[in-house]
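Each chain, letter by letter, is given below.
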Amino acid sequence: MVSLRDARRDRGWSQTTAVARLRELAERGEVDVASAASLKTQLSRWENGTVPDEPYRTLLAELYERELGDLGIDVTPHWERGHEIPGLLTEIRDELRTLNELLRERGGA
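Quantities reported herein were computed from a predicted structural model and do not represent experimental measurements.

**Quick word on the overall build of the chain**
The secondary structure content of the chain amounts to 5 helices and 0 strands. Computed over C-alpha atoms, the radius of gyration of the chain comes to 19 Å, more than 25% over the 13 Å expected from 2.2 N^0.38 for 109 residues, which places it beyond the range of a compact globule. Relative to its 109 residues, the chain shows a buried fraction of 22%. Taking the intrachain contacts of the chain between residues at least 6 apart in sequence as the baseline, contacts between residues at least 24 apart amount to 56%. Carbon together with sulfur atoms contributes 48% to the accessible area of the chain, which is approximately 7800 Å² in total. Positive and negative side-chain charges in the chain, numbering 16 and 21 respectively, have mean positions lying 6 Å apart.

**Notes on the packing of aromatic side chains**
The full count for this structure, using the stated rule, is 2 aromatic pairs. Pairing Trp13 with Tyr64 gives two aromatic rings, centres 6.0 Å apart and planes at 35 degrees, and the pair type is tilted. Here Trp13, found in the loop between α1 (4–10) and α2 (15–28), pairs with Tyr64, found in helix α4 (residues 56–64); they are 51 residues apart in sequence, far enough to count as distant. With respect to burial, Trp13 and Tyr64 carry one shared label: buried.

**Some thoughts on a nonpolar patch on the surface**
There is a patch of nonpolar side chains on the surface, built from Ile85, Leu89, Ile92, Leu96, Leu99 and Leu102 and spanning about 570 Å² of accessible area. Within the fold, Ile85 resides in helix α5 (residues 84–108).

**As for the packing of helix α3 (residues 36–47) against α4**
Running from N to C, α3 and α4 cross one another at 80 degrees; their axes reach a closest spacing of 13 Å. By the angle between their axes, α3 is roughly perpendicular relative to α4. For the pair α3 and α4, the contacting residues are Leu39, Leu43 and Trp46 in the first and Tyr56, Leu60 and Tyr64 in the second.

**Considering the side chain of Gln15**
Along the chain, Gln15 turns up in helix α2. Judged by its relative accessible area of 18%, Gln15 is buried. Dropping the residues within four chain positions of it, Gln15 is found in contact with Arg8, Lys40, Leu43, Ser44 and Glu47.

**Section: the pattern of salt bridges**
Evaluated as defined, the whole model comprises 7 salt bridges. When the shortest N-O distance is used, the salt bridge between Arg5 and Glu47 registers 3.7 Å. Of the two residues, Arg5 sits in helix α1 while Glu47 sits in helix α3, which places them 42 residues apart along the sequence. Here Glu47 falls in the buried class, since its relative accessible area comes to 7%. Residue Arg93 is joined to Asp94 by a salt bridge in which the shortest nitrogen-to-oxygen separation is 3.7 Å. By relative accessible area, which is 41% here, Arg93 ends up partly exposed. Salt bridges linked by common partners bring Arg5, Arg8 and Glu47 together as one network.

Definitions and limits used
- Residues numbered from 1 in each chain as written.
- Predicted model: local features only at pLDDT ≥ 70, side-chain atom pairs only at ≥ 80, totals over all residues.
- Heavy atoms only, no water.
- Helix = DSSP H or I, 4+ residues; strand = E, 2+ residues; numbered from the N terminus.
- Rg over C-alpha atoms; globule rule 2.2 N^0.38 Å.
- Buried < 20%, exposed > 50% of the residue type's maximum accessible area, 1.4 Å probe, protein only.
- Contact = heavy atoms within 4.5 Å.
- Areas by Shrake-Rupley, 256 points an atom, 1.4 Å probe, with all protein chains shown as cover.
- Lys, Arg positive; Asp, Glu negative; His and termini not counted.
- Charge placed at Lys NZ, Arg CZ, Asp CG, Glu CD.
- Phe/Tyr/Trp six-rings, centres within 6.5 Å; stacked < 30°, edge-to-face > 60°.
- Patch = residues over 30% accessible without salt bridge, like charges linked within 9 Å, V, L, I, M, F, W, Y side chains within 5 Å.
- Salt bridge = Lys/Arg side-chain N within 4 Å of Asp/Glu carboxyl O.
- Axes fitted to C-alpha atoms, helices over the stretch in contact; angles between N-to-C directions.
- Parallel < 35°, antiparallel > 145°, perpendicular 65-115°, else oblique.

As structure tokens, then:
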């Protein structure tokens, strides 16, 4: 598995080049997409972990010639990821405890 950023860099493309190629694919498939400027912002977000909506997921898979999972894009529906929530809640609770302890220590100093 590679990230979207790695897939782009493997091709030697800048974000601007990737956006131009993405728009070309969209035009060929007669798919409406955002302006180049908006798409560049979106690409940056996607490369930083935001999951793209359709039709962008399909276009990205085609652009990089990889499956979405191979690009690090998890499209598992939220109801199938419910098992992750208790663990995340435990992590959050532990972090909050640690922060509270630090705040108490600073208040007493």
